[in-house]
Structure formats: structure tokens, C-alpha cells
Amino acid sequence: MGEIRKKLPGMKTLISVAITVAYFYSSAVIFILPGKTFFWELATLIDVMLLGHWIEMKTVAGASRLLEELIKTLPSKAHVIKNGKIIEVPIDHVEAGDKVLVKPGEKIPVDGVVIDGFSNVDESIVTGESKPVVKKPGDKVIAATINLEGSLTIVAEKIGKETYIAQVVELVKKIQRSKSRAQDLANRAARVLTLIALLGGFITFIVWFSLNYDIAFALERAVTVMVIACPHALGLAIPLVIARSTAIVALNGFLIRNRVAFEKAKDINAVVLDKTGTLTKGRFGVTDVILLNNDFDETKLISFAASLEQYSEHPS
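Conventions and cut-offs
Once a new chain begins, its residue numbering starts again from 1 and follows that chain's sequence as written. Totals for whole chains, interfaces and linings use all residues, but because this is a predicted model, local features are given only for residues with pLDDT of at least 70 and pairs of side-chain atoms are given and counted only at 80 or more. As a convention, hydrogens and water are excluded, and side-chain values are obtained from all of the structure's heavy atoms. Note: two strands are recorded as paired if DSSP finds a minimum of 2 bridges between them. Numbering of helices and strands runs from the N terminus; a helix is a DSSP stretch of H or I covering at least four residues, while a strand is a stretch of E covering at least two. We define a salt bridge as a contact between a side-chain nitrogen of Lys or Arg and a carboxyl oxygen of Asp or Glu at a distance within 4 Å. In this scheme, a residue with accessible area under 20% of its type's maximum is buried, one over 50% is exposed, and one in between is partly exposed, where area comes from a 1.4 Å probe on protein chains only. Grouping into patches uses exposed residues only, defined as over 30% relative accessible area, and leaves out salt-bridged ones; the cut-off is 9 Å for like charges and 5 Å for nonpolar side chains (Val, Leu, Ile, Met, Phe, Trp, Tyr). What sets the accessible areas is the Shrake-Rupley method with a 1.4 Å probe; for residues, cover comes only from the shown protein chains. Nonpolar cores were defined as sets of buried Ala, Val, Leu, Ile, Met, Phe, Trp, Tyr and Cys residues, with membership established by side-chain atoms within 4.5 Å. Every residue pair with non-hydrogen atoms within 4.5 Å of one another is taken to be in contact.

**Q** Help me out: how do you make sense of the pairing of strand β3 (residues 99-102) in this one?
**A** On a regular strand, each side chain points to the face opposite its neighbour's, so the side chains alternate between the two faces of the sheet. In the sheet, strand β1 (residues 77-82) pairs with β3 via three bridges, with the strands oriented antiparallel. Along β3, the bridge assignment pairs histidine 79 with leucine 101. Relative to strand β9 (residues 152-158), β3 runs antiparallel, the two sharing four bridges. When the bridges of β9 are listed, valine 100 appears paired with isoleucine 154.

**Q** Please explain the pattern of salt bridges as it appears in this structure.
**A** Any two side chains of opposite charge can pair, given that their charged atoms come close. Scanning the entire structure with this criterion turns up five salt bridges. One salt bridge in this structure joins glutamate 123 and lysine 135, with 3.0 Å as the shortest N-O distance. Of this pair, glutamate 123 sits in the loop between β5 (119-122) and α4 (124-127) while lysine 135 sits in strand β6 (residues 133-135), and the two are 12 residues apart along the sequence. Of the two residues, glutamate 123 and lysine 135, both sit in the buried class.

**Q** For this particular structure, what's the right way to read a nonpolar patch on the surface?
**A** Where nonpolar side chains cluster on the molecular surface, the patch consists of Leu199, Phe202, Ile203, Ile206, Val207, Leu211 and Tyr213 and spans about 660 Å² of accessible area. Structurally, phenylalanine 202 is set in helix α6 (residues 181-210). For phenylalanine 202, a relative accessible area of 54% translates into the label exposed.

**Q** Whenever I open this one, unusual backbone geometry confuses me. Can you help?
**A** Note: most residues except glycine have negative phi, and most peptide bonds are trans. Within the chain, alanine 144 stands out as a residue other than glycine whose phi angle is a positive 85 degrees. Judged by relative accessible area, alanine 144 falls into the buried class, the value being 3%. With a phi close to 70 degrees, asparagine 212 is a non-glycine residue in the positive phi region. Position of asparagine 212 relative to the elements: it lies in the loop between α6 and α7 (215-228).

**Q** Just to check I follow, could you spell out the nonpolar core for this structure?
**A** Nonpolar side chains tend toward joint burial in soluble globular proteins. The biggest cluster of nonpolar side chains holds 14 residues, and the ones touching the most others in it are Val94, Val100, Ile108, Val110 and Ile154. Listing elements by their share of this core, those giving two or more residues are β1, β3 and β9. Residue contributions to this core peak at three residues, all from β9. Discounting residues that sit within four places of it in the chain, valine 100 has contacts with Ala78, His79, Val80, Val94, Pro109, Val110, Leu152, Thr153 and Ile154. In this structure, Val17, Val29, Phe38 and Met226 belong to the second largest nonpolar core, which totals 10 residues.

Limitation: the analysis is restricted to geometry and does not speak to function.
Right under this line is the structure:
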């Protein structure tokens, strides 16, 4: 009904026409007219389209799970410093300008600026950088990142829907609402096919009836044309392509901002990156050993280095 109200018939309109015509004609054949029913074709059409919608909804559900995981990364409470006292309050009670204390091992609750303390912060969840980033007074911090070592006192700048993570959540919602270029093309094709199906059915009826065939025979041919004009494969193929492509890129760590832009990615012939951190696997290791003098051999040097790092949590 939405497509009809907007005067933009698409895939849903075409399917509705085929289902309606097949059902009412088949019902008429059972009770009134002679001819063949289309209940089998009707059931097949409904099953195929429901399967396509199920696949599409499954893709949306996958994005919803990602959304839930992003929301879970935000802490529920924060340590706010007021009048020299540290008060634990729900995260939605923190206001811009509040001083927030982040203890070692805690997640940073808001976007803000460090005013006191020194620590390493794990920002991999938002930047992809596997190596912890040093934070000192004057540096900005992002909500949901993890304070690894020392205590930090920050001034809240962005809270609630203004935080970086909240904007990512909104981005995921936007992805769910967006349509791909393939879907737009399918809707435009369906718009034309709807007119062709209706016109073709009408012409078929007129031609067969003008050839002195009875109304039942001509009507059966007209209904056949309108049912066949419904693109079963198109309704199933597009959700399959979208689901498969979305799954593949998600497994490789990509977040699609726009499906149309994603489809144009096939034309990319060069990729420029501003840093290498996002390309790492997040596992530190020794790649090369360079001896500056002959006091140690390579095996002995590695042994000493391993002994020093054995009880250390430092990443380098």
C-alpha cells in the first residue's frame, strides 16, 4: 500500500498483483469458471518471496547484534568528582564539564580530555590500533576505550548520543535503513514490469477473446501472463547477494557506511592508508634481531629479552 500511496509501484506491488490475480482467479475456477487453478504457482511465489525477506531480515539481525555489542562496550557507571569527593553515578547522569575519574582496568565512560594522570589506553575497539596509546594531560580520550594502567582524571566533553561510540551505533542503524543500488534497480525494473504485466494481461485477454475463444479461456491466458511476469528469481537473488556480501566484509572487519558506495568498491584500483596500525593482527612478536656488537649472540640476546618480558604486561 505504501508504494501505491507514493505512486511508485515497485517489487511489492508487482508481487501483490500476481498473488491477488492468481488467488481470486483460482478461487473463481473452483466455484464458477472452468479452467486450471494457479494455487501451486501462488504458493511457490509466496514461499520464494518469504525466503528472500527472511534472508534480508537475517542480515539486518546480524547488524543488530553488532549494534548490541557496541552498546555493551559502554560502562554503566562513572566516578564523578564533585566537591573533592568521588561519587559513583549512572552514566546518563554525567554532564558535560564534569570531572570523571577512571581507575586502572576500567572503561572510559565519556569522550573528554585528560587533565590529570598518565596511562596507556587500549583504543582498538574504535581505532583498530592494537598497540595501547599513551595518554597524558591535554590528550583526548574516547568512551568505551580501556584504561590499562594508571588513573586518569578527565573532563567530560561529549556524553550520551554525542560520544563517538553513540555515533557509530547511529551509523549501524543508518546502514540497516539504507538500500543498495541493486534494490533500487530492482524496484525500478519492477515498476516497469508491473505496467507490462497489467498491459500484457489486458492485451492477451483482448487478443484471445477477439479470436472467438470464450471468456474463461481468454481470462486463463491473461492470468497466466500476469503471474509469469512476477520475477520470482529477482526477489530472491537480491537479498541473497546483499546477505552474502555483507557477511563476507563483516568477517574481514569492514563496517559498511553506505551500500551504494560498497557496490562501487569493485571499481577501486588503489587504497591509501594513513597508518599501519589498523593493518596489524594485534599480536606482538619479534620480527628481526639486530646485534650492534659481538658481546652477545642472537640466541642469548633473545633469552635475556624473554626473561625481562616474562612477568611484564607492557606490550613492547
